[in-house]
Amino acid sequence: MTEKLEKTGKVEKTDREWRALLSREQYYVTRAAGTERAFSGRYHDCKTPGTYLCVCCGQALFDADAKFDSGTGWPSFTAPVRAEAVETREDRSLWMRRTEVLCARCDAHLGHVFDDGPPPGGQRYCMNSAALLLKTAGNKDS
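Residues numbered from 1 in each chain as written. Predicted model: local features only at pLDDT ≥ 70, side-chain atom pairs only at ≥ 80, totals over all residues. Heavy atoms only, no water.

Colleague: Break down the sheet that holds strand β9 (residues 109–114) for me, with residues and values.
Modeller: The 6 strands are arranged β5-β6-β10-β9-β8-β7 in an open sheet whose pairing can be described as antiparallel. Of all strands in the sheet, those with a lone pairing partner are β5 (67–68) and β7 (86–91), marking the two edges. Summarising the sheet, β9 and strand β10 (residues 124–127) pair through 4 bridges and their orientation is antiparallel. Across the sheet, residue Phe114 finds its bridge partner in β10, namely Arg124. (Pairing = 2+ DSSP bridges. Helix = DSSP H or I, 4+ residues; strand = E, 2+ residues; numbered from the N terminus.)

Okay, structure coming up:
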């Protein structure tokens, strides 16, 4: 598998390389902008300390300290570890107007951000477990 890092720091892989690297569900969520079923993901109710990484490229995205129970069935965070870790764009799919969240390093679809989160920021980064990998202090990833 080749990993191409350009001056921008972007990770680029062919579709074939992504399919070889990811499970079917991970590919569906991250590369085809899919969504896992509510309450089905491995991290929706996880309270383990650590850092959530992009399952595609390993970039740090969210700290477990920023995670909260939104009651939606998906892992929800108040903010990314760094503003530059994610990018957003308008999503008008499914007859809705939402803000899609992508990994800034590899363009993986992570989920959506909404303005109904807790204070002080008021944001809810509603992510798919299939797009994340939890790195804990005791081991490389969970």
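Don't stop here, the text continues.
Colleague: So, the pairing of strand β4 (residues 60–63): which residues are in play, and what are the values?
Modeller: In the sheet, strand β3 (residues 51–54) pairs with β4 via 3 bridges, with the strands oriented antiparallel. Note that in β4 the partner of Tyr52 across the bridge is Phe62. In this antiparallel pair of consecutive strands, β3 and β4, the connection spans 5 residues, and Gly58 shows a positive phi of 85 degrees.

Colleague: Go over the layout of surface pockets, please, and point to the residues and values.
Modeller: Computed from the structure, the largest pocket encloses a volume of approximately 150 Å³. Around the largest pocket, the lining residues are Thr35, Trp74, Arg98, His109, Gly111, His112, Phe114, Arg124, Cys126, Met127 and Asn128. Secondary structure elements with two or more residues in the lining of the largest pocket: β9 and β10. For the lining of the largest pocket, the leading source of residues is β9, giving 4 residues. The residue makeup of the lining of the largest pocket, split by class, is 4 nonpolar, 5 polar and 2 charged. (1 Å grid on protein atoms, 1.4 Å probe; cavity = no way out; pocket = protein on both sides within 12 Å on 5 of 7 lines; lining within 4 Å. Points joined across faces, edges and corners; volume = space filled by probe spheres on them. Nonpolar A, V, L, I, M, F, W, Y, C, P; charged D, E, K, R; others polar.)

Colleague: Run through the side chain of Lys67, naming residues and quoting values.
Modeller: Looking at where Lys67 falls in the secondary structure, it is placed in strand β5. Polar side-chain contacts of Lys67 include one of 2.9 Å to the backbone oxygen of Cys46. Setting aside residues no more than four positions away along its own chain, Lys67 makes contact with Tyr43, His44, Asp45, Cys46, Tyr52, Pro75, Ser76 and Phe77. (Polar contact = N/O pair within 3.5 Å; in protein donor to acceptor, adjacent residues only side chain to side chain. Contact = heavy atoms within 4.5 Å.)

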